[in-house]
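# Structural overview for review
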Amino acid sequence: MAGSWWNHDTITHLLVALFGMGSWISVNSLWVELPVVVGVLPEGWSLPAYLSVLIAFGNLGPVAVSLAHHFAPGRLNERLVIHEIQATAVVAAMFLALFWSRTTFVAGQLHSLAFLILSFILAFVCCTSNVTFLPFMFRYPPQYIRTFFVGQGLSALFPCVLALCQGVGKLECVETNGTTKAHYLKENFPAQDFFWFLFGMLIISGLSFLALTKRVVSEPAPTEELQGDVKREPDGVETHPLQNGGTPVSEEQVAVEKPSAEPPAVTFWTPRNIYVLVLLGLSTALSNGVLPSIQSFSCLPYGGMTFHLSVVLGNIANPLACFIAMFVLLRSSAGLGAMFVGGCVFAAYLICLAALSPCPPLLGSPAGSALVVASWIVFTGLFSYLKVVIGSLLHEMGHVALLWCGIFIQAGSLIGAVSMFPLVSIYNIFLKGEDCENNCR
């Protein structure tokens, strides 16, 4: 009876979601905690620039994995690599909680060397997860990869909710001698506690993956039966119940690039596959790189509450869109293109708001605040759903397709972040208003 409960589909979905949560929770936690640590560390507000560069160097991990797949196809033990990077992340998070505020003199200047080194290690792990976690999910039926993306959405939601409980960025306007100045309130708990939370979440993710590898699974259903469970409607929409009888495939049952079982690798590069990969790369460039770089500029002019609602509700829209994709999957190329264009419309509006900061349209109006919050929700939801759909479609193409899925996600995120870095941090194209002051006089 206990064995039957343990091998239930619902438990598998839960473990997969917690496994996916660990993929990017480290970097997301570093970003949301920046407003707290910049007030302590000697780099100050230059710290986001340092963090962006460290995340860029973290892409050495995906490069190394991609080279391993290229020069030694089929020989990389993904399960072992995942265990190693998860253990590395747990140790790095523990040391971050203990030593994040330690400073060291480097070339005559005081630097938070411990924080920077540990941030690089965590970024390296997160970047590498896109090209290891996703290919590993080829062992499971398609509906589980949608659960995995739900977990990735939670990796942004959980740190954000904790930061709100911490009271990050709260202030009150105090009038002294006829002038109004911003007084920043102390957080409800210190950054050290926040990093211990990160440590705990990474342990949960690692244990979930360990449980996935130890579970007893039955023989996978034949391909015809799996396809028979999928119901497609005339408009290209797939409806897929949460539990469709598909069972995970054990380590020994995974066949990676066997010429006798799969068509030649060159057939993967069909016009449709190239099309969906380009959509994936462009959408992740916008959702993971471009828009997050300017979110504060697009929201803060309307007030702190508008900014917090945009962040929280946007991060809720991410796993919610992934959850919807578990039941309704849009497979039409035209539909995916229309969804991408719709997301781009909202992205363009948010970029325009950021460019017009600190005096965007409808400033001081409830309609302006509602519109910017709604735009962030719809933008995040559309692109999150698009990512899950493309990931599910590529799952059907095999292990290598999921590897390319991870590569395009990571490449798009990197290109988006790198392209925005000089605009935001060097050329100061986007302007930030002063708190508690009228910036549009």
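Values in this document were obtained by computation on a predicted structure and should not be read as measured data. (Residues numbered from 1 in each chain as written. Predicted model: local features only at pLDDT ≥ 70, side-chain atom pairs only at ≥ 80, totals over all residues. Heavy atoms only, no water.)

### Looking at the packing of helix α2 (residues 9–21) against helix α10 (residues 142–166)
It is the contact of α2 with α10, at a shortest axis distance of 7 Å, that shows an interaxial angle of 45°. Taken together, the axis directions place α2 and α10 in an arrangement best described as oblique. Between α2 and α10 lies a crossing of right-handed hand. Along the contact surface, α2 presents Asp9, Thr12, His13, Val16, Ala17, Phe19, Gly20 and Met21, while α10 presents Gln143, Tyr144, Thr147, Phe148, Gly151, Gln152, Leu154, Ser155 and Phe158. (Axes fitted to C-alpha atoms, helices over the stretch in contact; angles between N-to-C directions. Helix = DSSP H or I, 4+ residues; strand = E, 2+ residues; numbered from the N terminus. Parallel < 35°, antiparallel > 145°, perpendicular 65-115°, else oblique. Left-handed = near helix turned anticlockwise from the far one by under 90°. Contact = heavy atoms within 4.5 Å.)

### Considering a nonpolar patch on the surface
Nonpolar side chains collect at one region of the surface, where Leu320, Phe323, Ile324, Phe327 and Val328 lie side by side and expose about 410 Å² of accessible area between them. Sorting elements by how many residues they give to the nonpolar patch places helix α14 (residues 304–325) first, with three residues. By the element assignment, phenylalanine 327 lies in the loop between α14 and β7 (328–330). For phenylalanine 327, a relative accessible area of 32% gives the class partly exposed. (Patch = residues over 30% accessible without salt bridge, like charges linked within 9 Å, V, L, I, M, F, W, Y side chains within 5 Å. Areas by Shrake-Rupley, 256 points an atom, 1.4 Å probe, with all protein chains shown as cover. Salt bridge = Lys/Arg side-chain N within 4 Å of Asp/Glu carboxyl O. Buried < 20%, exposed > 50% of the residue type's maximum accessible area, 1.4 Å probe, protein only.)

### Let's talk about the side chain of serine 155
Counting through the fold element by element, serine 155 comes out in helix α10. On the accessibility criterion, serine 155 (1% relative accessible area) is buried. A polar contact of 2.4 Å, which involves the side chain of serine 155, links it to the backbone oxygen of glutamine 152. Beyond its immediate stretch of four places on either side in the chain, serine 155 contacts Met21, Trp24, Ile25 and Asn28. (Polar contact = N/O pair within 3.5 Å; in protein donor to acceptor, adjacent residues only side chain to side chain.)

### Here we look at helix α15 (residues 333–355)
For α15, built from 23 residues, the straight-helix expectation of 33 Å at 1.5 Å per residue is met to within 8% by its first-to-last C-alpha distance of 32 Å. When we look at burial in α15, the residues that qualify are Gly335, Leu336, Gly337, Met339, Phe340, Gly343, Ala347, Leu350, Leu353 and Ala354. For α15, the elements touching its buried residues are α13 (271–299), β7 and α16 (366–395). Of the residues flanking the start of α15, the one acting as N-cap is serine 332, its side-chain oxygen 3.3 Å from the backbone nitrogen of alanine 334. (Expected span 1.5 Å × (residues − 1).)

### Observations concerning empty space enclosed by the protein
Any space left empty among the atoms is revealed by the rolling of a water-sized probe across them. All told, the structure shown has one cavity of 30 Å³ or more when counted by the stated rule. In this model, the largest cavity occupies a volume close to 50 Å³. Considering the residues around the largest cavity, the lining is formed by Gly22, Ile85, Gln86, Ala89, Val125, Phe133, Leu202, Ser205 and Gly206. Elements with a minimum of two residues in the lining of the largest cavity: α7 (78–99) and α11 (191–214). A per-class count over the lining of the largest cavity returns five nonpolar, four polar and no charged. (1 Å grid on protein atoms, 1.4 Å probe; cavity = no way out; pocket = protein on both sides within 12 Å on 5 of 7 lines; lining within 4 Å. Points joined across faces, edges and corners; volume = space filled by probe spheres on them. Nonpolar A, V, L, I, M, F, W, Y, C, P; charged D, E, K, R; others polar.)

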